[in-house]
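These are the residues of each chain, in order.
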Amino acid sequence: MALGTIFDIAGSGMNAQSLRLNTTASNLANAQSASSSTDQVYRNRQPVFAAIQQKEMAISGFDQHADASAGVQVLGIVESDAPLQRRYEPHHPLADEEGYVFYPNVNVVEEMTNMISASRSFQMNVEVMNSAKQMVQRVLTLGQ
Amino acid sequence: MSISFEKALGIHEDALRVRGQRASILANNLANVDTPNYKAKDLDFKQVLAQKSASQQRFAVQVTHQRHISGAGLSEDPNVLYRVPHQPSIDGNTVEDQIEHAEYMKNALAFQASFTFLNNKFKGLTSALRGE
């Protein structure tokens, strides 16, 4: 049934967007987490989205009209390679011998736009699910 | 004289099913609005409905041996086409959320319209059966 899959699709979209919101929150919370060495400092994290391919399921499910893809999945979370911020703060307790402190490569402006985009996309998936629910409920009243 | 559901319900049954399929395809576009390299898809509604209401003629793989695998589901539905974006984006994604959203809402309304027609057909049938 085609309408039933909408709930899975919109649900996967909501899941992916909430994960994106989660990484954004983590990035923003750690934007000022200083460290004394480059390998200990927090790095900007971003989820990688990919469409779910559903060809195998289409064969076994015997549904000729199954779409090739159904929903979105998060393949993983990658850490950014962007250069870290190296600041000269000799009085900082975490400063190294030369007096430098490393700050994460989190761009706060980028993260804020990411947050807005993620919450809008989440909202859109909620609306899709809501109207799919209405469609299914209407079908249930058929013949009454 | 017998009542034929095929004749009585007409095109609305097929229309409702195709609207449901299209809703799932558009929902998939909306879920993948931030997926890099995802290409937005859509059904050619007119063509699909014409195929559905005509006899279902498809190019099927001929099975001449019991261990042959039927071709069903191996290839994508030929009626699912890719949308041409108005404003291509850098990451290769062709979903334009406003357009998809509008199409989804239009599709939901058309679904309700088809449903209303179908429901009225059933109501007509029941009143004919009652003979009041």
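Residues numbered from 1 in each chain as written. Chains lettered and ligands numbered in written order. Predicted model: local features only at pLDDT ≥ 70, side-chain atom pairs only at ≥ 80, totals over all residues.

Some thoughts on the overall build of chain B
- Counting secondary structure elements, chain B contains 4 helices and 2 strands.
- Written out in order from the N terminus, the α and β elements of chain B read α-α-β-α-β-α.
- By the burial criterion, 27% of the 132 residues in chain B qualify as buried. (Helix = DSSP H or I, 4+ residues; strand = E, 2+ residues; numbered from the N terminus. Buried ≥ 20, exposed ≤ 12 C-beta atoms within 10 Å, placed from the backbone.)

Description of the environment of B:Tyr38
- Residue placement: B:Tyr38 occurs in the loop between α2 (12-31) and β1 (41-43).
- The class of B:Tyr38 is buried, set by 22 C-beta atoms lying within 10 Å.
- A C-alpha to C-alpha distance of 15 Å links B:Tyr38 and B:His86, two positions 48 residues apart in sequence.
- Those residues within four positions of B:Tyr38 in sequence are excluded, and the remaining contacts are A:Ala51, B:Asn32, B:Asn93 and B:Val95. (Contact = placed C-beta atoms within 7 Å.)

What about the environment of A:Arg120?
Residue and element names in this part refer to chain A.
- Summarising the element assignment, Arg-120 is placed in helix α3 (residues 108-140).
- Its 14 C-beta neighbours within 10 Å are what place Arg-120 among the partly exposed residues.
- A sequence separation of 23 residues divides Arg-120 from Gly-143, and the C-alpha atoms of the two residues are 38 Å apart.

Examining the confidence of the model for chain B
Residue and element names in this part refer to chain B.
- The predicted model of chain B has a mean per-residue pLDDT of 83, with 85% of residues at 70 or higher.
- Ranking the elements of chain B by mean pLDDT puts helix α1 (residues 5-9) last, at 78, and helix α4 (residues 97-130) first, at 91.
- Predicted as a complex, the structure gets a pTM of 0.80 and an ipTM equal to 0.79. (pLDDT = per-residue confidence, 0-100.)

Things to note about the environment of A:Ser18
- In this structure, A:Ser18 sits in helix α1 (residues 2-29).
- By C-beta crowding, A:Ser18 is classed as partly exposed, having 13 other C-beta atoms within 10 Å.

Side note on the confidence of the model for chain A
All names here are of chain A.
- Averaged over every residue, the pLDDT of chain A is 86; the share at 70 or more is 88%.
- Predicted confidence in chain A is weakest over helix α2 (residues 55-61), with a mean pLDDT of 48, and strongest over α3, with 93.
- Across residues 56-67 the pLDDT falls below 50, and counting only partners more than four positions away or on other chains, this stretch makes 22 contacts in the model.

Considering the nonpolar core
- A:Ile6, A:Ala10, A:Val128, A:Ala132, B:Ala23, B:Ala27 and B:Leu30 are the most contacted members of the largest nonpolar core, which totals 34 residues.
- Within the residue set of this core, elements represented by two or more residues are α1, β1 (45-53), β2 (69-79) and α3 of chain A together with α2 and α4 of chain B.
- Examining the composition of this core, we find that 9 residues originate from one element, α2(B), more than from any other.
- Residues contacting A:Ile6, with those up to four places away along its chain left out, are A:Val128, A:Ala132, B:Ala23, B:Ser24 and B:Ala27. (Core = buried A, V, L, I, M, F, W, Y, C linked by C-beta atoms within 7 Å.)

Concerning unusual backbone geometry
- Phi at B:Asn37 takes a positive value of approximately 65°, unusual for a residue other than glycine.
- Note on placement: B:Asn37 falls in the loop between α2 and β1.

Here we look at α4(B)
- Between its first and last C-alpha, α4(B) extends 49 Å over 34 residues, near the 50 Å set by a 1.5 Å rise per residue.
- Residue B:Gly131 follows α4(B) closely and has a positive phi angle near 65°. (Expected span 1.5 Å × (residues − 1).)

Describing α3(A)
- Taking 1.5 Å as the rise per residue, α3(A) with 33 residues should run 48 Å; its terminal C-alpha atoms sit 48 Å apart, in good agreement.
- Within α3(A), the full set of buried residues consists of A:Ala118, A:Ser121, A:Met124, A:Asn125, A:Val128, A:Ser131, A:Ala132 and A:Met135.
- Where α3(A) is buried, its residues contact α1 of chain A together with α2 and α4 of chain B.

As for the packing of α3(A) against α4(B)
- As a packed pair, α3(A) and α4(B) sit with axes 10 Å apart at the nearest point and diverge in direction by 10°. In terms of axis orientation, α3(A) runs roughly parallel to α4(B). In contact with A:Met124, A:Val128, A:Ser131, A:Met135, A:Arg138 and A:Val139 of α3(A), α4(B) contributes B:Asp97, B:His101, B:Tyr104, B:Ala108, B:Phe111, B:Gln112 and B:Phe115.
- Of the residues in the contact of α3(A) with α4(B), the class split is 8 nonpolar, 3 polar and 2 charged. (Axes fitted to C-alpha atoms, helices over the stretch in contact; angles between N-to-C directions. Parallel < 35°, antiparallel > 145°, perpendicular 65-115°, else oblique. Nonpolar A, V, L, I, M, F, W, Y, C, P; charged D, E, K, R; others polar.)

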